[in-house]
Amino acid sequence: MASEPFNPVRFTRNALLIGGGVGLCIWAWVALFQPNLFPKRFHTVQPGELYRAGKLTPAAVRTVVEERDIRTIVDLGAWTEGSREDRLAQRVADSLGVDRIRLNLHGDATGDPENYVRALKLVTDPTRQPVLLHCGAGTERTGCAIMLYRTIIQGEDADAAYDEAQRIGHSPTRNDKMRPTFDAVRPLVEAALTESTDPAPEG
């Protein structure tokens, strides 16, 4: 039986259909399935006490909360305050019986240092642990907060803490404000935490 002659139009059409199908599958995996199955930049900071991530889908929040027995979510500004996504995040936390505290910081890790003080007080409070700390990308605000935790609470070297931040996704060429912000707020945060743990004077 003689084979059909090569038809470039049919070949091109079939190639486009196959390529489009593959592209659609890849898009569906990246946009719809992967974020629900694998929480964005999820890492264990201190087992049973503190975990970190980027913004999470409702399904991913449920997974993390149920698998790690999360009691408190500290959100450093993953969503615009009052937005539909922000309200949804609150409803999800409420439905899971988890406290969600929002602390507004800028995406480059700058903002009111008092919010870093509050964040560290929350994540080190045994009555609130285990805690999930997250922001949008999980690299800048969260990265700076974890650097403060590593150095102030755990006594780690600042450069080692900064190396960890870069391994997880922080890029100094993309954001040159995170390390200077950490260097500037660290003594303020450390002083505030020391004052809050000092015994009250007698009298």
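Throughout this document, residue positions are counted from 1 along each chain, in the order its sequence is written. Since the coordinates come from a predicted model, pLDDT governs what is reported: local features require at least 70, and pairs of side-chain atoms require 80 or more to be given and counted, while whole-chain, interface and lining totals use all residues. Side-chain metrics rest on all non-hydrogen atoms present in the structure, leaving aside hydrogens and water.

1. A look at the overall build of the protein chain
Part 1: Looking only at helices and strands, one finds 7 helices and 5 strands in the protein chain.
Part 2: Along the protein chain, helices (α) and strands (β) appear in the sequence α-β-β-α-β-α-β-α-β-α-α-α when read from the amino end.
Part 3: Taking all 203 residues of the protein chain together, the buried fraction comes to 40%.
Part 4: What makes two residues a contact is simply this: any of their non-hydrogen atoms within 4.5 Å. Contacts spanning at least 24 positions in sequence make up 69% of the contacts within the protein chain whose residues lie at least 6 apart.
Part 5: Total accessible area computed for the protein chain in this model is approximately 11500 Å², and 56% of it derives from carbon and sulfur atoms. The helix count covers DSSP runs of H or I at least four residues long, the strand count covers runs of E at least two residues long, and both are numbered beginning at the N terminus. Only protein chains enter the accessibility calculation, which uses a 1.4 Å probe; a residue whose area is less than 20% of its type maximum is buried, one above 50% is exposed, and one in between is partly exposed. All accessible areas in this document rest on Shrake-Rupley with a 1.4 Å probe, and a residue is counted as covered only by the protein chains that are shown.

2. Here we look at the pattern of salt bridges
Part 1: The rule for a salt bridge is simple: a side-chain nitrogen of Lys or Arg has to be within 4 Å of a carboxyl oxygen of Asp or Glu. Applying the stated rule across the entire model yields 11 salt bridges.
Part 2: One salt bridge connects Arg-100 with Asp-75, and the closest N-O pair in it is separated by 2.8 Å. In this pair, Arg-100 sits in strand β4 (residues 99-102) while Asp-75 sits in strand β3 (residues 72-75), placing the two residues 25 residues apart along the sequence. Of the two residues, Arg-100 and Asp-75, neither departs from the other in class, the shared state being buried.
Part 3: In this structure, the salt-bridge partner of Glu-85 is Arg-84, at a minimum N-O distance of 3.7 Å.
Part 4: On the accessibility criterion, Glu-85 (30% relative accessible area) is partly exposed.
Part 5: Since its relative accessible area comes to 54%, Arg-84 is described here as exposed.
Part 6: A network of salt bridges, in which partner residues are shared, links Asp-75, Asp-86, Arg-100 and Arg-102.

3. Topic: the environment of Arg-100
Part 1: Among the residues examined, Arg-100 registers a relative accessible area of 13% and is labelled buried.
Part 2: The sequence separation of Arg-100 and Thr-72 amounts to 28 residues, and the corresponding C-alpha distance is 5.9 Å.
Part 3: Not counting residues up to four positions away in its chain, the partners in contact with Arg-100 are Ile-73, Asp-75, Trp-79, Asp-86, Ala-89, Gln-90 and Ala-93.
Part 4: For Arg-100, the side chain forms a polar contact with the side chain of Asp-75, separated by 2.8 Å.
Part 5: Side-chain polar atoms of Arg-100 contact the side chain of Gln-90, separated by 3.1 Å. Under this definition, polar contacts are N or O atom pairs within 3.5 Å; protein pairs additionally need one hydrogen-donor-capable and one acceptor-capable atom, and for neighbouring residues in sequence, both atoms have to be side-chain atoms.

4. Looking at the confidence of the model for the protein chain
Part 1: Each residue carries a pLDDT score, the predictor's own confidence in it, on a scale running from 0 to 100. Of all residues in the protein chain, 78% attain a pLDDT of 70 or more, and the chain-wide mean is 86.
Part 2: Below a pLDDT of 50 lies the segment residues 22-36, which in the model reaches 13 contacts outside its immediate sequence neighbourhood of four places, other chains included.

5. Thoughts on the sheet that holds β3
Part 1: Strand pairing follows a simple DSSP-based rule, namely that at least 2 bridges must link the two strands. Taken in spatial order, the 5 strands of this open sheet run β1-β2-β5-β3-β4, and their pairing is mixed. Since the sheet does not close on itself, it has two edges, and those belong to β1 (43-46) and β4, each with one partner. The average undirected angle you get between the axes of adjacent strands in this sheet is 25°.
Part 2: Bridging between β1 and strand β2 (residues 50-53) involves 3 bridges; their strand directions are antiparallel. By the bridge assignment, Gln-46 is partnered in β2 with Leu-50. Lines are fitted to the C-alpha atoms to define the axes, a helix being fitted only along its stretch in contact, and any angle between axes, read from their N-to-C directions, falls within 0 to 180 degrees.

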